[in-house]
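Listed below are the residues making up each chain.
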Amino acid sequence: MTSFDFDNAPDRRSTDSMKWGRYTGRDVLPLWVADMDFAAAPPILEALRERVAHGVFGYAEPWPSLLKATTDHLAGEYGWDVDPSWIVWLPGVVPGLNVARRAVGGTAFTATPIYPPFLSAPEVLLTAPLRRGEVRWEWDLPAVERALTPECRLFLLCHPHNPTGRAWELAELEAVHDLARRRDLVVCSDEIHCGLVLDAGRRHHPFATLSEDAARRSITLMAPSKTFNVPGLGCAFAVIPDRPLRQRFQRAMRGIIPHVNVLGLVACEAAFRHGGPWHRALLDYLRGNRDHLLAALRSMAPLVTTPVEATYLAWIDARATGLADPQRHFEAEGVGLSAGRAFGPGDLYQGFVRLNFGCPRAVLDEALLRMRRALAREERR
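Notes on the structure follow. (Residues numbered from 1 in each chain as written. Predicted model: local features only at pLDDT ≥ 70, side-chain atom pairs only at ≥ 80, totals over all residues. Heavy atoms only, no water.)

**Looking at the sheet that holds strand β8 (residues 186–190)**
Sheet architecture is open: 7 strands sit in the order β2-β10-β9-β8-β7-β3-β4, paired in mixed fashion. Across the chains shown, the open sheet's two edge strands, defined by having one partner strand only, are β2 (87–90) and β4 (125–129). Each strand of the sheet is rotated relative to its neighbour by a mean of 20 degrees, with strand direction disregarded. Where strand β3 (residues 107–112) lies against β4, 5 bridges are found, and the strand directions are parallel. Directly across from F109, in β4, lies its bridge partner L126. Packed onto the sheet, helix α3 (residues 64–78) meets β2, β9 (218–222) and β10 (236–239) and runs at close to 110 degrees relative to β2. Packing against the sheet, helix α9 (residues 243–253) makes contact with β2, β8, β9 and β10, and its axis sits at approximately 20 degrees to β2. (Pairing = 2+ DSSP bridges. Helix = DSSP H or I, 4+ residues; strand = E, 2+ residues; numbered from the N terminus. Axes fitted to C-alpha atoms, helices over the stretch in contact; angles between N-to-C directions. Contact = heavy atoms within 4.5 Å.)

**Here's the deal with the packing of aromatic side chains**
The description of two aromatic rings rests on the distance between their centres and on the angle between their planes. All told, the structure shown has 18 aromatic pairs when counted by the stated rule. Relative to F272, the ring of F237 lies with its centre 6.4 Å away and its plane at 85 degrees, an arrangement referred to as edge-to-face. Residue F237 is located in strand β10, and its partner F272 is located in helix α10 (residues 262–274); the two are separated by 35 residues in the primary sequence. Across the pair, exposure class does not vary: F237 and F272 are buried alike. Grouped by ring-pair contacts, the aromatic residues F4, F6, F38, W89, F228, F237, F272, W278 and Y285 constitute a single cluster. Directly above the ring of W32 sits R22, whose terminal nitrogen or CZ lies 3.5 Å from the centroid. Sitting above the plane of the Y285 ring, R361 keeps its charged end 5.0 Å from the centroid. (Phe/Tyr/Trp six-rings, centres within 6.5 Å; stacked < 30°, edge-to-face > 60°. Buried < 20%, exposed > 50% of the residue type's maximum accessible area, 1.4 Å probe, protein only. Lys NZ or Arg CZ within 6 Å of the ring centre and 35° of its normal.)

**A word on the nonpolar core**
Within the largest apolar cluster, 73 residues are counted, with the highest numbers of intra-cluster contacts made by I44, W89, L286, L303, L355, F357 and M371. When residues in this core are grouped by element, the largest group, 10 residues, is from helix α11 (residues 276–298). Look past the residues within four positions of M371 in its chain and what remains in contact with it is M300, L303, I316, F330, V335, L337 and L355. One finds V88, A100, A108 and I114 within the second-largest nonpolar core, a separate group that totals 29 residues. (Core = buried A, V, L, I, M, F, W, Y, C linked by side-chain atoms within 4.5 Å.)

**With respect to the environment of S85**
On the secondary structure map, S85 appears in the loop between α3 and β2. Judged by its relative accessible area of 42%, S85 falls in the partly exposed class. A sequence separation of 211 residues divides S85 from A296, and the C-alpha atoms of the two residues are 47 Å apart.

**Observations concerning the sheet that holds strand β14 (residues 352–356)**
The sheet built from 3 strands is open, its strands ordered β11-β14-β13 with antiparallel pairing. With one partner strand each, in any of the chains shown, β11 (313–317) and β13 (338–339) form the two edges of the open sheet. The pairing of β13 with β14 spans 2 bridges and is antiparallel. Bridge assignment links S338 to a residue of β14, and that residue is R354.

**Brief notes about helix α2 (residues 42–54)**
In this model, α2 (13 residues) spans 19 Å end to end at C-alpha, consistent with the 18 Å of a helix rising 1.5 Å per residue. Among the residues of α2, those classed as buried are I44, A47, L48 and R51. Within α2, the buried residues cover an arc of 100 degrees as seen down the axis, which keeps them to one side. More than 90 degrees from the buried face of α2, the exposed residues found are R49, E50 and A53. Looking at the buried positions of α2, the neighbouring elements they touch are α10. (Expected span 1.5 Å × (residues − 1). Arc of directions from axis to C-beta.)

**What about the packing of helix α4 (residues 93–104) against α9?**
Where α4 meets α9, the axes come as close as 8 Å, and the angle between the chain directions of the two elements is 115 degrees. Comparing the axis directions of α4 and α9 gives the class roughly perpendicular. Pair α4 / α9 crosses with right-handed handedness. Seen from α4, the contacting residues are G96, V99, A100, R102, A103 and V104; seen from α9, they are L245, R248, F249, A252 and M253. Partitioned by chemical class, the residues of the contact of α4 with α9 number 8 nonpolar, 1 polar and 2 charged. (Parallel < 35°, antiparallel > 145°, perpendicular 65-115°, else oblique. Left-handed = near helix turned anticlockwise from the far one by under 90°. Nonpolar A, V, L, I, M, F, W, Y, C, P; charged D, E, K, R; others polar.)

Rendered as structure tokens:
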């Protein structure tokens, strides 16, 4: 069995890394932006070397073997038979969110907390909070129903969910579909973390696979970027089975969406065709990090979190600490987390932080030690 060394990641300090560059000159471990510290899979690196050796980097169009690798991947991983004509290539999922808003028009809805670009994509946005149940975050469908207006045309779904780490179950997705069907909404489903379901034995179910009606009203956004840690290569795609909706999406792209980076396309094919062994090893490592993190947080009251079923992100409730700004408090102790206030309207999530555990175990251990120290220092005041 091939082994991969996730414990010894490349040193990204003093490089072009946005993640590490935020704290240049400071002793702060960056666990904020959703960018893992691991080197990309060897087949991706080899494919990129070969393409760079060619020496020409003109405008590129997706080629037949890339399309086949993508459709084979979707069929093999998710049981989803996708016609290549349904695929629209994009330089990222965030542009896809904005194009979906332009293509569909009207008012949009999303549930919070949510990945911040969901909040800025629509000109008019309706929101309702998810509900934290006894164990995990859940849909509050009555609240969603109350938030929707007749002008709403677009439901922005994050699946799996960033930042709570939920991998929505079939019954939950079917409830969202029922609502979308009754309200005649298009569902733009951001599934960029679909390859990062951590719970063993669970499988990601694309929203569009629920039924013919779900497929007809869906725009599914996917990318190799999170799963295979190649976000800087700028390659994503939308799967839009309904031809009129796809044409509206393509028209909305004109003049604002550039060609996809040729190296991103090369990396995408290599990831989907040859990245399986690395991907399986990554999931094992992330699962270990997840379990290690959750065990540590259980002993760090009053911090509270919920099980992370997917992604490499933990959504931590620090409200009971009494800290006015927990992100700044932990940063002062040397741990750079994402501030919760960015994930919803107003100050609704001011007392939360998001932690990225896509890093070597030693880095995570040191971060947890510093967080424990920060809490102890606050208790002594």
